[in-house]
Amino acid sequence: MKIAYFGSEASNTHIVALQTFENEELISKATILDCFKAVDNGEIDKAVVPLENSIEGTVSTTLDFLYEFDGIKIEAEAVMPITHHLMIHPENTEIEKIYSHPQALAQCYHFLDKEYKEVVKQEFGSTAAAAKRVAENPEKKYAAIANLYAAKFYHLKVLHSNIQDFEQNHTKFIVISKKDKSLKLSKNKVAEKTSLILTMPEDHAGGLHQVLSVFAWRKMNLTKIESRTLKTGLGNYFFFINVDGNWESVLYKNAIEELESIDVRVKFLGHYEEYLLES
Ligand SMILES: O=C(O)C(=O)C[C@]1(C(=O)O)C=C[C@@H](O)C=C1
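Conventions used here
- Every chain is numbered on its own, with residues counted from 1 as its sequence reads.
- In keeping with the model being predicted, local features are shown solely for residues with a pLDDT of at least 70 and side-chain atom pairs are shown and tallied solely at 80 or more, while totals for entire chains, interfaces and linings include all residues.
- Side-chain metrics in this entry use all non-hydrogen atoms of the structure; hydrogen atoms and water are not considered.
- UniProt positions are given in the numbering used here, feature names are shortened, and annotations may be inferred rather than shown by experiment.
- Here a helix means four or more residues in a row that DSSP labels H or I, a strand means two or more in a row labelled E, and each is numbered from the N terminus.
- Planes of paired rings set the category: under 30 degrees apart is stacked, over 60 is edge-to-face and the rest tilted, where pairs are Phe, Tyr or Trp rings (Trp by its six-membered ring) whose centres lie within 6.5 Å.
- Each pair of strands is called paired provided DSSP finds at least two bridges between the two strands.
- Clockwise travel from the first strand over the helix to the second, with the strands pointing away from the viewer, marks a crossover as right-handed.
- Think of it this way: one heavy atom of a residue within 4 Å of a molecule or strand is enough to make that residue near it.
- For the purposes of these results, a polar contact is taken to be a pair of N or O atoms within 3.5 Å, where, inside protein, one atom must be able to donate a hydrogen and its partner to accept one; residues adjacent in sequence count only when each atom of the pair is a side-chain atom.
- Shrake-Rupley sampling with a 1.4 Å probe provides the accessible areas, and residues are treated as covered by the protein chains on show and by no other component.
- Points on a 1 Å grid, built from protein atoms alone, make a cavity when a 1.4 Å probe fits but cannot get out and make a pocket when they are open with protein on both sides within 12 Å along at least 5 of 7 lines; residues with an atom within 4 Å of a point are the lining residues.
- Pocket or cavity membership: a molecule qualifies when more than half of its atoms sit within 2 Å of the grid points of that site.
- Throughout, the edges of the domains are those of an automatic or database domain assignment.
- Grid points are joined across faces, edges and corners, and a volume is the space filled by probe spheres set on the points.
- Each residue carries a pLDDT score, the predictor's own confidence in it, on a scale running from 0 to 100.
- Orientation is described by lines fitted to C-alpha atoms, with helices fitted over the stretch in contact, and by angles between N-to-C directions that extend from 0 to 180 degrees.
- The contact definition used throughout considers only heavy atoms, calling two residues in contact when any of these lie within 4.5 Å.

In the annotation of an unreviewed UniProt entry, the protein chain is listed under the name prephenate dehydratase and assigned to Cloacibacterium rupense. Of the comments in the UniProt record for the protein chain, the one headed Catalytic activity (unreviewed entry) reads "prephenate + H(+) = 3-phenylpyruvate + CO2 + H2O".

Put into structure tokens, the structure is as follows:
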């Protein structure tokens, strides 16, 4: 099986893919969009992409592509603790520019403000691509924020360890494919959920309340609700929701029917399991 992952070799997403698919062919993709496109056109079977970080919130491009790409489903979710480290080329001592993925720069915002206020921060494709850039430019005063595996992989020297602003730092990654089937892993399963994208017909008073009540009176627990712009004008949103619990239940089928009867468009993204990985 061919599995794509977001980022250069040694990205956080690569570490998730290595733990999730131990015996499969893993293929690096520079962007999250490239991962979705490769699943969509059948070039690869599945892809691993980040969805949400506990400090910085949702990876909005992933949410947008889940909405935009018809037929792409979520097979599993993997949660991994994330640590960030500031690294330089071993021949270097000074830093003029710090590269990393925007999520990683944001997760280390206070550290960077305190220690490297005057240094240029440059957003880059992934944490591992930033580490690679530092390794390939020993003559430049570059540093990267990346994980310890990337420091080893690209032979860089760690100057500051664990620089994320909050000790508790986890990222949720999802496995996407065109299959309508959940992935069973022999890992530490922590939850079971269903993801849906709901689009309301038009903005009206009590619209969201109406949608939430469909789940509320059936005692269906929502573990996430996030609105994201539809890009059709200010004030137009879709909602990404996670519903806890038993997908087979008749309540679930009735809830979807009720939503559709009030003209809410329901996109089913998958019923799947969540696993806890090691970093
Ligand atoms: O750049 C990487 O290493 C990634 O896998 C991406 C990513 C993200 O987008 O959230 C993954 C985990 C961390 O939260 C920081 C960056």
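Engineer: Would you mind showing me how to read the UniProt feature "domain: Prephenate dehydratase" (unreviewed entry) in the protein chain here?
Structural biologist: Per the UniProt record, "domain: Prephenate dehydratase" (unreviewed entry) is annotated on residues 2–178. A helix fraction of 32% and a strand fraction of 33% characterise residues 2–178, whose end C-alpha atoms lie 13 Å from each other.

Engineer: Explanation requested: the packing of aromatic side chains in the structure shown.
Structural biologist: How two aromatic rings sit relative to each other is given by the distance of their centres and the angle of their planes. Under the counting rule described, the total for this entry stands at nine aromatic pairs. Ring geometry for Tyr67 against Phe238: centres 4.4 Å apart, planes inclined by 5°, an arrangement best described as stacked. With Tyr67 in helix α3 (residues 60–68) and Phe238 in strand β14 (residues 237–244), this residue pair connects regions lying 171 residues apart in the sequence. Ring centres of Tyr99 and Phe124 lie 5.1 Å apart, and the angle between their planes is 70°; this geometry places the pair in the edge-to-face category.

Engineer: Please clarify how the pairing of strand β2 (residues 25–29) should be interpreted in this entry.
Structural biologist: Sheet faces and side chains relate simply in a regular strand, where the side chains alternate between the two faces. With five bridges connecting them, strand β1 (residues 2–6) and β2 associate as parallel partners. Directly across from Tyr5, in β2, lies its bridge partner Ser28. Following the backbone out of β1, through helix α1 (residues 12–20) and into the adjacent parallel β2, one traces a crossover that is right-handed.

Engineer: Honestly, the site of the ligand in this entry has me stumped. Any pointers?
Structural biologist: Taken together, 14 residues lie around the ligand, and Asn12, Thr13, Gln107, Thr127 and Thr171 are the ones closest in. Side-chain polar atom of Gln107 to an oxygen atom of the ligand: 2.9 Å apart, as the coordinates give it. Contacts to the ligand include Thr127, whose side-chain N or O atom sits 2.4 Å from an oxygen atom. For the ligand, whose unbound accessible area comes to 360 Å², protein coverage reaches 100%. Using a 2 Å cut-off from the grid points, one finds that the ligand occupies the largest cavity. Looking at the shell around the ligand, the elements with two or more residues in it are α1, β3 (46–53), α4 (102–107) and β11 (170–177). Composition of the shell around the ligand by domain shows at least three residues from each of domain 1 (2–81 + 170–177 + 188–276) and domain 2 (85–160).

Engineer: So what exactly am I meant to see when it comes to empty space enclosed by the protein here?
Structural biologist: Where empty space is left becomes clear once a probe the size of a water molecule has been rolled over the atoms. Tallied over the full model, the rule gives one cavity of 30 Å³ or more. Its volume calculated, the largest cavity comes out at about 180 Å³. The wall of the largest cavity is formed by 17 residues, among which Asn12, Pro50, His101, Gln103 and Thr127 lie closest to the centre. Put simply, the parts of the chain that give the lining of the largest cavity at least two residues each are α1, β3, α4 and β11. Considering every element that reaches the lining of the largest cavity, the biggest residue donor is α4, with three residues.

Engineer: Please explain the confidence of the model for the protein chain as it appears in this structure.
Structural biologist: For any part of a model where pLDDT is low, the fine detail of the predicted coordinates should not be relied upon. Overall, the predicted model of the protein chain reaches an average pLDDT of 94, with 99% of residues at or above 70. Here the predicted complex scores 0.94 on pTM and 0.92 on ipTM.

Engineer: Looking at this model, I keep getting lost on the sheet that holds strand β6 (residues 85–88). Mind explaining?
Structural biologist: Strands in a sheet are paired, the pairing made by backbone hydrogen bonds, and the direction either parallel or antiparallel. A sheet is described by the order of its strands in space; here five strands give the open sequence β8-β7-β9-β6-β10, paired in mixed fashion. The open sheet is flanked by β8 (120–123) and β10 (157–160), the only strands paired with a single partner. Shown here is a sheet whose adjacent strand axes are inclined to one another by a mean of 35°, direction ignored. In this structure, β6 lies alongside β10, joined through three bridges in antiparallel fashion. Within the sheet, the bridge partner assigned to Leu86 lies in β10 and is His160. Across the sheet, helix α6 (residues 127–136) touches β6, β7 (97–100) and β9 (142–146), and the angle it forms with β9 is around 155°.

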